[in-house]
Amino acid sequence: MNIILLGAPGAGKGTQASRISDAYKLPHISTGDIFRENIKNETPIGLLAKSYIDKGQLVPDEVTCKIVEGRIEKDDCKDGYMLDGFPRTIAQAEALDKITKIDLVINIDVDFSLLLDRLCGRRVCKDCGESYHISWLNGATSCKRCGGELYQRKDDNEETVQSRLDVYNAQTAPLIEYYSKKGLLFNVEGNNSPDAVFAAVAEKLDAMKK
Ligand code: AP5
Ligand code: MG
């Protein structure tokens, strides 16, 4: 099964992707994670991506599409995969349509008023990428999953978050209608707890497998 996870910054795409990937053995492909890995390794793509990510803007479509195209051709994707944070523009969605068939688009729908707190309070594991919120950590500074050190993403500050939300509204939100028209959209209530969101997603995925 080929799945897309759609949702505003902080909607919980990464949180749910980690659970879905564990439960359904699907490779988790996050373009944001790929860019952050490139930034850490100071590759040419990383240097280019950094200039956009730090301002909360999108990395150009042609760069992003090429990365995803190369990644989904890999052997581990032959039985399915899950895209997190891609596509993010109509042009990216059209490029994806040319190279693959998508089975389901899960749109995590969250009130915008919750997103600033979720993002500014997020801590991420340096090693496995798991996301936490400071209110759940009780002062812990390491990952419950792998023990890695937790850090705060550079784009998780108030000013950059605002710009990411504006970009989402202008460029990514139109994808909801794009996939709805294709009959692929599954809306899930993202204001609920991560467990409740996952339960709704799992119910849908289990029904599709039957
Ligand atoms: P990316 O890394 O994809 O960031 P994003 O889309 O802004 O989304 P986030 O990762 O911030 O949020 P999330 O939905 O994964 O939430 P999470 O689960 O962590 O992209 C970063 C940048 O890379 C972009 O701005 C752009 O520049 C570039 N980029 C990436 N893809 C691109 C593309 N296709 N084209 C061009 N440029 C691209 O959760 C957030 C917080 O909320 C955490 O603290 C978490 O613990 C908490 N939380 C999660 N779920 C819940 C819940 N149900 N209840 C309460 N709290 C919750
Ligand atoms: Mg994420």
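One structure accompanies this document, and this report is about it. (Residues numbered from 1 in each chain as written. Chains lettered and ligands numbered in written order. Predicted model: local features only at pLDDT ≥ 70, side-chain atom pairs only at ≥ 80, totals over all residues. Heavy atoms only, no water.)

Focus: the packing of helix α2 (residues 31-40) against helix α3 (residues 44-53)
How two helices sit against one another is set out by the angle between their axes and by the gap between those axes.
Here is step 1: Two elements in contact, α2 and α3, have axes separated by 8 Å at closest approach and are oriented at 115°. Seen along the crossing, α2 lies across α3 with a hand that is left-handed. Of the residues in α3, those in contact with Phe-35, Asn-38 and Ile-39 of α2 are Ile-45, Gly-46, Ala-49, Lys-50 and Ile-53.
Here is step 2: In terms of residue class, the contact of α2 with α3 is made up of five nonpolar, two polar and one charged. (Axes fitted to C-alpha atoms, helices over the stretch in contact; angles between N-to-C directions. Helix = DSSP H or I, 4+ residues; strand = E, 2+ residues; numbered from the N terminus. Left-handed = near helix turned anticlockwise from the far one by under 90°. Contact = heavy atoms within 4.5 Å. Nonpolar A, V, L, I, M, F, W, Y, C, P; charged D, E, K, R; others polar.)

Here we look at the sheet that holds strand β4 (residues 104-109)
Here is step 1: Read across the open sheet, the five strands follow the order β2-β3-β1-β4-β8; overall the sheet is parallel. Sheet topology places β2 (28-30) and β8 (185-189) at the edges, where each strand pairs with a single neighbour. Shown here is a sheet whose adjacent strand axes are inclined to one another by a mean of 25°, direction ignored.
Here is step 2: Of the strand pairs in this sheet, strand β1 (residues 2-7) and β4 are connected by five bridges, and their pairing is parallel. What sits directly across from Leu-6, in β4, is Asn-107. (Pairing = 2+ DSSP bridges.)

Digging into the sheet that holds strand β5 (residues 122-125)
Here is step 1: Pairing within the open sheet is antiparallel, and its three strands lie in the order β6-β5-β7. Strand pairing shows two members of the sheet lacking a second neighbour, β6 (131-133) and β7 (150-151), which therefore form its edges.
Here is step 2: The sheet contact formed by β5 and β6 spans three bridges and is antiparallel. Of the residues in β6, the one forming a bridge with Val-124 is Ser-131.

A closer look at the site of ligand 1
Here is step 1: Every one of the 35 residues lining ligand 1 counts as a neighbour, but Thr-15, Gln-57, Arg-88, Arg-122 and Arg-164 are closest to it.
Here is step 2: At a separation of 2.9 Å, an oxygen atom of ligand 1 approaches a polar backbone atom of Gly-10.
Here is step 3: Backbone polar atom of Val-59 to a nitrogen atom of ligand 1: 3.0 Å apart, as the coordinates give it.
Here is step 4: Contact with the protein chains removes 96% of the 1000 Å² of surface that ligand 1 exposes when unbound.
Here is step 5: Considering every element that reaches the shell around ligand 1, the biggest residue donor is α2, with four residues. (Near = heavy atom within 4 Å. Polar contact = N/O pair within 3.5 Å; in protein donor to acceptor, adjacent residues only side chain to side chain. Areas by Shrake-Rupley, 256 points an atom, 1.4 Å probe, with all protein chains shown as cover.)

So, α2
Here is step 1: Turning to α2, its buried residues are Thr-31, Gly-32, Phe-35 and Asn-38. Seen end-on, α2 carries its buried residues on one side only, within an arc spanning 125°.
Here is step 2: Buried positions along α2 lie against β2, α3, α4 (61-72) and β3 (81-84).
Here is step 3: Looking one or two places after α2, you find Glu-42, whose phi comes out positive at around 55°. (Buried < 20%, exposed > 50% of the residue type's maximum accessible area, 1.4 Å probe, protein only. Arc of directions from axis to C-beta.)

Digging into the packing of α2 against α4
Here is step 1: Close contact between α2 and α4 brings their axes to 11 Å; oriented N to C, the two are set at 100°. With respect to their mutual orientation, α2 and α4 come out roughly perpendicular. Residues Thr-31, Ile-34 and Phe-35 of α2 lie in contact with α4, whose contacting residues are Thr-64, Ile-67 and Val-68.
Here is step 2: Residues of the contact of α2 with α4, tallied by class, amount to four nonpolar, two polar and no charged. (Parallel < 35°, antiparallel > 145°, perpendicular 65-115°, else oblique.)

That is the geometry; function is a separate question.
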